[in-house]
Amino acid sequence: MNPFELKPKKLEELIFNWRQMTPRPYDKDAVDPYTRTRAILMNGTEFEAVWYSHQFSRHTGDNELRRQIALLRRLEQQQQKLVAALKPEDETILEHTIGYEQLAVDLTAMLAKREDNPYVKQALDFALLEDFDHLYRYADLMEFDDREHAERLVGSYTEIMPGRPTIAHHRHPFDSVKFHIQNGIASPQTRLCTAIITAAEQQTMNYYMNVAAFYPTAWGRKLYREIGMVEEQHVTQYGSLMDTDQTWLEGCLNHQYTECYLYWSAMETETDPRIRNIWEMLFEQEVSHLHAAANLLETYEGKEPQQVIPDGTFPDALLLTSNIDYVRDVLGCTVCNTALREDWTNVNDLNPNADFFIYQDIVNNNVDDVESHAVIDRLIRRDGEDYRFEIAPNPVPALRDRKADNTDVGRVQGAPC
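The structure presented is a predicted model; accordingly, all values stated were derived computationally and were not measured. (Residues numbered from 1 in each chain as written. Predicted model: local features only at pLDDT ≥ 70, side-chain atom pairs only at ≥ 80, totals over all residues. Heavy atoms only, no water.)

*Asks:* Can you help me understand the side chain of His134 in this one?
*Replies:* Tracing the backbone shows His134 in helix α4 (residues 118-146). In terms of polar contacts, His134 uses its side chain to reach the side chain of His169, at 3.1 Å. (Helix = DSSP H or I, 4+ residues; strand = E, 2+ residues; numbered from the N terminus. Polar contact = N/O pair within 3.5 Å; in protein donor to acceptor, adjacent residues only side chain to side chain.)

Written out as structure tokens, the structure reads:
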């Protein structure tokens, strides 16, 4: 599939009325978990395109160009509103959050499994273990607040157990900035990968930031705040991987191409016929957005789209599926890793005066004040053990104890793994 070879519609033909922006939501009790996660992913992809477009408009003084990208942005906003409306009104903040973290785990794992750039793959594997732990922390919050098992939401496709403990995720900002990929060197798949994962993590960061103040318990608000801070680190890491040499119009073309690819992937892999029809409609609209971006690139910079995307043929469709074995392997091998400037290393190999430890001593000076730990400790004190859904013991022996939350793995030098 090459979207550049498809015939686009005129942009004005794509304007929705209010009814067209109001699809019937999915049934939260019957929906396939990956239908929910696809909706979250496409919501985030649309937000990224809209936010990029706003920044673009603020960095050019050509009002005719501004008008053209304003039209594209309005159409993207329509799509984002439609996708967001798929979430049913009876799905709680926390239920939706489980979907966010399942997406983070299985999307990151799928991208890592097929990534051909070892450096980008290392970045994915690193953050994977952190999102995996976030899923566990939120699931235990759900068990404590609602006495509901999160495994019903993930459909048994994704395990729920400790990863690298969230308390170990809090690092100095300097250690989240990585090397960026380069145009002409990075493969098309790597370029898609960095764009997709940045948009997805940014959506998660924004969601947690926005809903934290609406969560009904004080401890839940604290947990969203803490994990939201980690998601900002992830956005910094992934965003720093993206190509920094492209022009604003080249970036616009790449954004539209990424959206085309993701809607096509959603259309190809969706199991719900009604939702699949929505993905197909939005894919056809994105093709028109892509061609419009290509025309702007030619008009204002005299470049053909092939100079930016030499081969527009899509790679294999992005399939959201279970990745239990892969996650277990990464967890068992790299749980004690942390970030060090542009690299990653075992926490035991850090200089004792490293920024990581300085930052940890400030932020986590009292472990009992760290909500990601407190939420587990609170449930253990009430129920005698934490909540998990696992098919076998945790691959990290130090994380197998269900009666005590480990706050040392990946954080304290010399701690057993």
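So that's the structure; there's more coming.
*Asks:* I would appreciate a short explanation of helix α11 (residues 355-363) in the present structure.
*Replies:* The α-helix winds at 3.6 residues per turn, so residues separated by three or four positions along the chain end up facing the same way. Taken residue by residue, α11 has Phe356, Phe357 and Gln360 as its buried positions. Angularly, the buried residues of α11 cover 90 degrees about the axis, an arc narrow enough to put them on a single face. Exposed and oriented more than 90 degrees from the buried face of α11 are Asp361 and Ile362. Looking at the buried residues of α11, the elements they touch are β1 (337-340). (Buried < 20%, exposed > 50% of the residue type's maximum accessible area, 1.4 Å probe, protein only. Arc of directions from axis to C-beta. Contact = heavy atoms within 4.5 Å.)

*Asks:* Mind showing me how you'd approach the packing of helix α3 (residues 93-114) against α4 here?
*Replies:* Helix-helix packing is described using two parameters, namely the angle between the two axes and the distance between the axes. Packing of α3 against α4 leaves a shortest axis separation of 9 Å and a crossing angle of 160 degrees. As the angle between them shows, α3 and α4 are arranged roughly antiparallel. As α3 runs across α4, the sense of the crossing is left-handed. Taken together, the residues of the contact of α3 with α4 sort by class into 15 nonpolar, 4 polar and 6 charged. (Axes fitted to C-alpha atoms, helices over the stretch in contact; angles between N-to-C directions. Parallel < 35°, antiparallel > 145°, perpendicular 65-115°, else oblique. Left-handed = near helix turned anticlockwise from the far one by under 90°. Nonpolar A, V, L, I, M, F, W, Y, C, P; charged D, E, K, R; others polar.)

*Asks:* Help me understand the pattern of salt bridges, please; the structure alone is not making it clear to me.
*Replies:* Under the criterion given, the structure shown has 25 salt bridges. The salt bridge involving Asp386 is made with Arg402; its shortest N-O contact spans 2.8 Å. Separated by 16 residues along the polypeptide, Asp386 in the segment after α12 (371-383) and Arg402 in the segment after α12 bring together distant segments of the chain. With a relative accessible area of 3%, Asp386 lands in the buried category. (Salt bridge = Lys/Arg side-chain N within 4 Å of Asp/Glu carboxyl O.)

*Asks:* Looking at this model, I keep getting lost on the packing of aromatic side chains. Mind explaining?
*Replies:* Each aromatic ring pair is characterised by the separation of its centres together with the angle its planes make. Going through the model one piece at a time under the given rule, you end up with 23 aromatic pairs. Plain terms: the ring middles of Tyr100 and Tyr207 are 4.4 Å apart, the flat faces sit at 5 degrees to each other, and that makes the pair stacked. Residue Tyr100 is located in helix α3, and its partner Tyr207 is located in helix α6 (residues 188-211); the two are separated by 107 residues in the primary sequence. The class of Tyr100 is buried, set by a relative accessible area of 3%. Measuring from ring centre to ring centre gives 6.4 Å for Phe126 and Trp344, while their planes differ by 45 degrees; the resulting arrangement is tilted. Separated by 218 residues along the polypeptide, Phe126 in helix α4 and Trp344 in strand β2 (residues 343-346) bring together distant segments of the chain. (Phe/Tyr/Trp six-rings, centres within 6.5 Å; stacked < 30°, edge-to-face > 60°.)

*Asks:* Quick question: what am I supposed to make of the environment of Ala85 here?
*Replies:* For Ala85, the position within the fold is in the loop between α2 (63-84) and α3. Residues Ala85 and Ser187, spaced 102 residues apart in sequence, show a C-alpha to C-alpha distance of 35 Å. Residues within four places of Ala85 in sequence aside, it is in contact with Met21, Pro23 and Pro25.

*Asks:* Before we go on, may I ask you to explain the environment of Tyr34 in this structure?
*Replies:* Within the element layout of this structure, Tyr34 appears in helix α1 (residues 33-57). At 3.2 Å, the side chain of Tyr34 forms a polar contact with the backbone oxygen of Thr321.

*Asks:* How do you make sense of a negative patch on the surface when you look at a structure like this?
*Replies:* On the surface, Asp27, Asp29, Glu89 and Asp90 cluster together into a negatively charged patch. As for its placement among the helices and strands, Glu89 is situated in the loop between α2 and α3. A relative accessible area of 85% means that Glu89 is categorised as exposed. (Patch = residues over 30% accessible without salt bridge, like charges linked within 9 Å, V, L, I, M, F, W, Y side chains within 5 Å. Areas by Shrake-Rupley, 256 points an atom, 1.4 Å probe, with all protein chains shown as cover. Lys, Arg positive; Asp, Glu negative; His and termini not counted. Charge placed at Lys NZ, Arg CZ, Asp CG, Glu CD.)

*Asks:* Quick question: what am I supposed to make of the nonpolar core here?
*Replies:* Across soluble globular proteins, nonpolar side chains show a tendency to be buried alongside one another. With 113 residues, the main nonpolar core has Ile98, Leu107, Tyr138, Ile160, Ile196, Leu253 and Trp279 as its most contacted residues. Looking at this core element by element, the count peaks at 15 residues for α4. Counting residues in hydrophobic clusters, the runner-up holds 5 residues, among them Leu350, Ala354, Phe356 and Phe357. (Core = buried A, V, L, I, M, F, W, Y, C linked by side-chain atoms within 4.5 Å.)

Without other data, these values stay purely geometric and don't point to any function.
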